[in-house]
There are 2 protein chains.
Amino acid sequence: MSKHELVVLGQEPSAPACCPGLLAAPLDEEQAGELARVFKALGDPVRLRLLSMIASRAGGEVCVCDLTPAFDLSQPTISHHLKLLRQAGLIDSERRGTWVYYRLLPEMTDRLAGVLTRPAGSAS
Amino acid sequence: MSKHELVVLGQEPSAPACCPGLLAAPLDEEQAGELARVFKALGDPVRLRLLSMIASRAGGEVCVCDLTPAFDLSQPTISHHLKLLRQAGLIDSERRGTWVYYRLLPEMTDRLAGVLTRPAGSAS
(Lines give C-alpha, C1' and ligand atoms only; values in the text may rest on other atoms or scores of the structure.)
Protein backbone atom coordinates (compact mmCIF):
# COMPACT_ATOMS: atom_id res chain seq x y z
CA MET A 1 0.00 0.00 0.00
CA SER A 2 1.45 3.36 -0.94
CA LYS A 3 1.79 6.29 1.42
CA HIS A 4 -0.57 8.14 -0.86
CA GLU A 5 -3.24 5.57 -0.08
CA LEU A 6 -2.93 6.45 3.61
CA VAL A 7 -3.12 10.18 3.04
CA VAL A 8 -6.51 10.14 1.37
CA LEU A 9 -8.22 7.76 3.80
CA GLY A 10 -11.29 9.29 5.35
CA GLN A 11 -11.83 11.88 2.65
CA GLU A 12 -15.46 12.07 1.68
CA PRO A 13 -16.98 14.67 -0.59
CA SER A 14 -20.00 16.37 0.91
CA ALA A 15 -23.22 15.39 -0.80
CA PRO A 16 -25.75 18.15 -1.30
CA ALA A 17 -28.86 17.86 0.83
CA CYS A 18 -31.10 17.79 -2.17
CA CYS A 19 -31.14 15.58 -5.26
CA PRO A 20 -32.23 17.36 -8.41
CA GLY A 21 -33.68 14.88 -10.87
CA LEU A 22 -31.77 14.71 -14.12
CA LEU A 23 -35.00 13.99 -15.98
CA ALA A 24 -37.28 16.49 -14.27
CA ALA A 25 -35.67 19.86 -14.96
CA PRO A 26 -32.56 21.24 -16.66
CA LEU A 27 -29.52 20.93 -14.39
CA ASP A 28 -27.54 24.06 -13.65
CA GLU A 29 -23.79 24.09 -14.22
CA GLU A 30 -22.90 23.36 -10.60
CA GLN A 31 -25.29 20.41 -10.32
CA ALA A 32 -24.09 19.04 -13.65
CA GLY A 33 -20.42 19.35 -12.70
CA GLU A 34 -20.93 17.55 -9.42
CA LEU A 35 -22.97 14.69 -10.92
CA ALA A 36 -20.62 14.35 -13.90
CA ARG A 37 -17.72 13.71 -11.52
CA VAL A 38 -19.53 10.71 -10.03
CA PHE A 39 -20.70 9.33 -13.39
CA LYS A 40 -17.16 9.72 -14.73
CA ALA A 41 -15.91 7.56 -11.85
CA LEU A 42 -18.40 4.89 -12.99
CA GLY A 43 -17.35 5.25 -16.63
CA ASP A 44 -14.65 2.62 -16.50
CA PRO A 45 -15.09 -1.18 -16.64
CA VAL A 46 -12.48 -1.91 -13.97
CA ARG A 47 -14.02 0.58 -11.54
CA LEU A 48 -17.51 -0.80 -12.19
CA ARG A 49 -16.28 -4.33 -11.50
CA LEU A 50 -14.53 -3.18 -8.33
CA LEU A 51 -17.65 -1.36 -7.17
CA SER A 52 -19.87 -4.37 -7.86
CA MET A 53 -17.44 -6.66 -6.01
CA ILE A 54 -17.46 -4.35 -3.00
CA ALA A 55 -21.21 -3.69 -3.04
CA SER A 56 -22.25 -7.30 -3.41
CA ARG A 57 -19.95 -8.76 -0.78
CA ALA A 58 -21.72 -10.42 2.11
CA GLY A 59 -20.66 -8.68 5.29
CA GLY A 60 -20.45 -5.35 3.55
CA GLU A 61 -16.70 -4.88 3.18
CA VAL A 62 -13.86 -6.29 1.15
CA CYS A 63 -10.13 -6.43 1.79
CA VAL A 64 -8.09 -4.95 -1.04
CA CYS A 65 -6.20 -8.26 -0.91
CA ASP A 66 -9.37 -10.00 -2.15
CA LEU A 67 -9.94 -7.50 -4.97
CA THR A 68 -6.59 -7.46 -6.76
CA PRO A 69 -6.44 -11.19 -7.67
CA ALA A 70 -9.59 -10.78 -9.83
CA PHE A 71 -7.76 -8.44 -12.21
CA ASP A 72 -4.78 -8.76 -14.49
CA LEU A 73 -3.57 -5.37 -13.23
CA SER A 74 -0.94 -4.18 -10.81
CA GLN A 75 -1.86 -3.36 -7.24
CA PRO A 76 -1.02 0.36 -7.69
CA THR A 77 -3.41 0.46 -10.67
CA ILE A 78 -6.19 -1.15 -8.63
CA SER A 79 -5.46 1.26 -5.77
CA HIS A 80 -5.72 4.20 -8.17
CA HIS A 81 -9.14 3.04 -9.39
CA LEU A 82 -10.28 2.56 -5.78
CA LYS A 83 -9.08 6.05 -4.94
CA LEU A 84 -11.20 7.52 -7.76
CA LEU A 85 -14.27 5.61 -6.52
CA ARG A 86 -13.59 6.89 -3.00
CA GLN A 87 -13.07 10.48 -4.14
CA ALA A 88 -16.39 10.30 -5.97
CA GLY A 89 -18.10 9.36 -2.70
CA LEU A 90 -19.06 5.87 -3.91
CA ILE A 91 -16.98 3.86 -1.42
CA ASP A 92 -15.19 4.39 1.86
CA SER A 93 -12.11 2.65 3.19
CA GLU A 94 -10.52 1.78 6.48
CA ARG A 95 -7.05 0.52 7.22
CA ARG A 96 -6.86 -2.30 9.75
CA GLY A 97 -3.44 -3.80 10.28
CA THR A 98 -1.77 -4.65 7.00
CA TRP A 99 -4.76 -4.18 4.73
CA VAL A 100 -7.26 -1.60 3.61
CA TYR A 101 -10.94 -2.61 3.64
CA TYR A 102 -13.52 -1.06 1.33
CA ARG A 103 -17.26 -0.69 1.67
CA LEU A 104 -20.04 0.80 -0.42
CA LEU A 105 -21.48 4.21 0.47
CA PRO A 106 -25.07 3.41 -0.57
CA GLU A 107 -26.16 7.03 -0.10
CA MET A 108 -24.37 7.93 -3.33
CA THR A 109 -25.71 5.04 -5.44
CA ASP A 110 -29.18 5.77 -4.00
CA ARG A 111 -28.75 9.38 -5.07
CA LEU A 112 -27.71 8.41 -8.61
CA ALA A 113 -30.62 5.98 -8.92
CA GLY A 114 -32.88 8.83 -7.81
CA VAL A 115 -31.62 11.35 -10.36
CA LEU A 116 -32.08 8.76 -13.13
CA THR A 117 -35.63 7.90 -12.10
CA ARG A 118 -38.43 9.43 -14.15
CA PRO A 119 -40.50 11.98 -12.28
CA ALA A 120 -43.95 10.75 -11.26
CA GLY A 121 -46.52 11.38 -13.96
CA SER A 122 -44.08 11.42 -16.89
CA ALA A 123 -45.06 9.54 -20.04
CA SER A 124 -43.77 5.98 -20.22
CA MET B 1 -25.66 20.70 -39.47
CA SER B 2 -22.74 18.58 -40.68
CA LYS B 3 -23.02 15.61 -43.01
CA HIS B 4 -21.62 13.54 -40.20
CA GLU B 5 -24.72 14.33 -38.16
CA LEU B 6 -26.85 12.81 -40.89
CA VAL B 7 -24.81 9.67 -41.17
CA VAL B 8 -25.30 8.58 -37.59
CA LEU B 9 -29.03 9.26 -37.38
CA GLY B 10 -31.03 6.22 -36.45
CA GLN B 11 -28.15 4.34 -34.86
CA GLU B 12 -29.16 2.74 -31.62
CA PRO B 13 -27.07 0.28 -29.67
CA SER B 14 -28.88 -2.89 -28.79
CA ALA B 15 -29.67 -3.08 -25.10
CA PRO B 16 -29.33 -6.48 -23.49
CA ALA B 17 -32.56 -8.12 -22.44
CA CYS B 18 -31.46 -8.42 -18.86
CA CYS B 19 -30.23 -5.82 -16.38
CA PRO B 20 -27.66 -7.17 -13.95
CA GLY B 21 -27.68 -5.14 -10.76
CA LEU B 22 -24.39 -3.43 -10.09
CA LEU B 23 -24.93 -3.84 -6.36
CA ALA B 24 -26.26 -7.40 -6.31
CA ALA B 25 -23.42 -9.47 -7.79
CA PRO B 26 -19.98 -8.89 -9.33
CA LEU B 27 -20.28 -7.78 -12.96
CA ASP B 28 -18.42 -9.77 -15.57
CA GLU B 29 -16.11 -7.99 -18.00
CA GLU B 30 -18.68 -7.76 -20.79
CA GLN B 31 -21.40 -6.33 -18.57
CA ALA B 32 -18.94 -3.87 -17.04
CA GLY B 33 -17.68 -2.71 -20.42
CA GLU B 34 -21.16 -2.10 -21.71
CA LEU B 35 -22.36 -0.21 -18.65
CA ALA B 36 -19.13 1.80 -18.42
CA ARG B 37 -19.73 3.12 -21.92
CA VAL B 38 -23.07 4.60 -20.86
CA PHE B 39 -21.78 6.00 -17.58
CA LYS B 40 -18.85 7.54 -19.45
CA ALA B 41 -21.32 9.34 -21.71
CA LEU B 42 -22.89 10.79 -18.54
CA GLY B 43 -19.50 11.76 -17.10
CA ASP B 44 -19.42 15.23 -18.61
CA PRO B 45 -21.24 18.35 -17.36
CA VAL B 46 -22.24 19.55 -20.83
CA ARG B 47 -23.71 16.18 -21.76
CA LEU B 48 -25.58 15.96 -18.45
CA ARG B 49 -27.06 19.41 -19.02
CA LEU B 50 -28.02 18.50 -22.60
CA LEU B 51 -29.62 15.26 -21.41
CA SER B 52 -31.57 17.05 -18.67
CA MET B 53 -32.75 19.71 -21.13
CA ILE B 54 -33.96 17.02 -23.55
CA ALA B 55 -35.51 14.79 -20.87
CA SER B 56 -37.38 17.54 -19.09
CA ARG B 57 -38.82 19.23 -22.16
CA ALA B 58 -42.59 19.23 -22.29
CA GLY B 59 -43.64 17.50 -25.48
CA GLY B 60 -40.76 15.07 -25.26
CA GLU B 61 -38.40 16.44 -27.89
CA VAL B 62 -36.09 19.38 -28.41
CA CYS B 63 -34.76 21.03 -31.53
CA VAL B 64 -30.98 21.29 -31.59
CA CYS B 65 -31.60 24.97 -32.34
CA ASP B 66 -33.05 25.34 -28.83
CA LEU B 67 -30.13 23.54 -27.17
CA THR B 68 -27.11 25.39 -28.54
CA PRO B 69 -28.02 28.89 -27.24
CA ALA B 70 -27.80 27.62 -23.63
CA PHE B 71 -24.08 26.94 -23.99
CA ASP B 72 -21.03 29.02 -24.70
CA LEU B 73 -19.86 26.36 -27.14
CA SER B 74 -19.81 25.96 -30.91
CA GLN B 75 -22.56 24.06 -32.65
CA PRO B 76 -20.15 21.30 -33.81
CA THR B 77 -19.08 20.80 -30.18
CA ILE B 78 -22.70 20.51 -29.05
CA SER B 79 -23.39 18.10 -31.93
CA HIS B 80 -20.43 15.98 -30.87
CA HIS B 81 -21.75 15.73 -27.30
CA LEU B 82 -25.21 14.85 -28.62
CA LYS B 83 -23.68 12.16 -30.82
CA LEU B 84 -22.00 10.56 -27.79
CA LEU B 85 -25.30 10.57 -25.88
CA ARG B 86 -27.00 8.99 -28.87
CA GLN B 87 -24.31 6.35 -29.34
CA ALA B 88 -24.70 5.44 -25.67
CA GLY B 89 -28.39 4.77 -26.27
CA LEU B 90 -29.54 7.64 -24.02
CA ILE B 91 -31.24 9.76 -26.70
CA ASP B 92 -32.53 9.37 -30.22
CA SER B 93 -32.74 11.95 -32.97
CA GLU B 94 -34.79 12.70 -36.04
CA ARG B 95 -34.16 15.19 -38.80
CA ARG B 96 -37.20 17.15 -39.93
CA GLY B 97 -36.55 19.86 -42.46
CA THR B 98 -33.65 22.06 -41.44
CA TRP B 99 -33.24 20.83 -37.88
CA VAL B 100 -32.53 17.71 -35.89
CA TYR B 101 -34.84 16.96 -32.97
CA TYR B 102 -33.75 14.98 -29.92
CA ARG B 103 -35.72 12.92 -27.44
CA LEU B 104 -34.87 10.84 -24.38
CA LEU B 105 -34.74 7.04 -24.65
CA PRO B 106 -36.10 6.36 -21.16
CA GLU B 107 -35.41 2.64 -21.41
CA MET B 108 -31.71 3.38 -20.90
CA THR B 109 -32.11 5.75 -17.94
CA ASP B 110 -34.58 3.25 -16.43
CA ARG B 111 -31.98 0.55 -16.86
CA LEU B 112 -29.25 2.61 -15.19
CA ALA B 113 -31.57 3.51 -12.32
CA GLY B 114 -32.25 -0.22 -11.97
CA VAL B 115 -28.61 -1.28 -11.84
CA LEU B 116 -27.93 1.37 -9.17
CA THR B 117 -30.85 0.31 -7.00
CA ARG B 118 -30.06 -1.80 -3.98
CA PRO B 119 -31.34 -5.37 -4.17
CA ALA B 120 -34.35 -6.07 -1.98
CA GLY B 121 -33.34 -7.18 1.48
CA SER B 122 -29.96 -5.44 1.54
CA ALA B 123 -28.99 -3.53 4.67
CA SER B 124 -29.83 0.16 4.59
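As a reminder, the structure under discussion sits directly above these lines.
Treat the numbers as computed from the prediction; the structure is a model and nothing was measured.

Colleague: Go over the nonpolar core with me, naming the residues and quoting the values.
Modeller: Ranked by internal contacts, the top residues of the largest apolar core, which has 70 residues, are Phe39(A), Leu90(A), Phe39(B) and Leu90(B). For Leu90(B), the residues in contact, after removing those within four places along its chain, are Val38(B), Ala41(B), Leu42(B), Leu51(B), Leu85(B), Arg103(B), Leu104(B), Leu105(B), Met108(B), Thr109(B) and Leu112(B).

Colleague: Describe the pairing of strand β3 (residues 99-104) of chain B, with residues and values.
Modeller: All names here are of chain B. Here β3 shows a buried face lined by Val100, Tyr102 and Leu104 and an unburied face lined by Trp99, Tyr101 and Arg103. Sheet topology note: the strand β1 (residues 62-63)/β3 ladder contains two bridges and is antiparallel. By the bridge assignment for β3, Val62 is matched with Tyr102. Two elements, strand β2 (residues 91-96) and β3, share six bridges in a ladder whose sense is antiparallel. Bridged to Arg96 within β3 is Trp99. The turn joining β2 and β3, which pair antiparallel and follow one another in sequence, is formed by two residues; a positive phi near 65° is taken by Gly97.

Colleague: How would you summarise the state of the cysteines if you had to cite specific residues and measurements?
Modeller: All names here are of chain A. With the rule as written, the count across this model stands at two disulfides over all chains. In this model, Cys63 is linked to Cys65 through a disulfide, with the two sulfur atoms separated by 2.2 Å. Disulfide Cys63-Cys65: the torsion about the S-S bond is 130°, which places it as right-handed.

Colleague: Can you break down the environment of Gly89(A) residue by residue, with the values?
Modeller: Along the polypeptide, Gly89(A) turns up in the loop between α5 (75-87) and β2 (91-96). Distance in space between the C-alpha atoms of Gly89(A) and Leu104(A) is 9.1 Å, their sequence separation being 15 residues.

Colleague: Requested: an account of the pattern of salt bridges, with residues and values cited.
Modeller: Per the counting criterion, the structure on display carries 14 salt bridges over all chains. In this structure, the salt-bridge partner of Asp110(A) is Arg118(B), at a minimum N-O distance of 2.3 Å. Linking Asp110(A) in helix α6 (residues 106-115) with Arg118(B) in the segment after α6 (106-115), this pair reaches from one chain into another. Taking the relative accessible area as the measure of exposure, Asp110(A) reaches 33% and is therefore partly exposed. On the basis of relative accessible area, Arg118(B) is assigned to the partly exposed category, the value being 23%.

Colleague: Hey, could you go over the interface of chain A and chain B for me, with residue numbers and the actual values?
Modeller: Interfaces are often described in size by the accessible area the parts lose on coming together. The interface is formed by 34 residues belonging to chain A together with 34 residues belonging to chain B. Between chain A and chain B lies a buried interface of about 2,700 Å² when both sides are counted; carbon and sulfur atoms form 72% of it. With its nearest N and O atoms 3.9 Å apart, the salt bridge here joins Glu29(B) to Arg49(A). Taken together, chain A and chain B are joined by four residue pairs in polar contact (both at pLDDT 80 or more). Among the secondary structure elements, those contributing two or more residues to the side of chain A that touches chain B are α2 (29-42), α3 (45-55) and α6 of chain A. When residues of the side of chain A that touches chain B are assigned to their parent elements, the largest contribution, eight residues, is made by α2(A).

Basis of the calculations
- Residues numbered from 1 in each chain as written.
- Chains lettered and ligands numbered in written order.
- Predicted model: local features only at pLDDT ≥ 70, side-chain atom pairs only at ≥ 80, totals over all residues.
- Heavy atoms only, no water.
- Core = buried A, V, L, I, M, F, W, Y, C linked by side-chain atoms within 4.5 Å.
- Buried < 20%, exposed > 50% of the residue type's maximum accessible area, 1.4 Å probe, protein only.
- Contact = heavy atoms within 4.5 Å.
- Helix = DSSP H or I, 4+ residues; strand = E, 2+ residues; numbered from the N terminus.
- Pairing = 2+ DSSP bridges.
- Disulfide = S-S within 2.5 Å.
- Salt bridge = Lys/Arg side-chain N within 4 Å of Asp/Glu carboxyl O.
- Buried area = accessible area lost by both parts, 1.4 Å probe.
- Polar contact = N/O pair within 3.5 Å; in protein donor to acceptor, adjacent residues only side chain to side chain.

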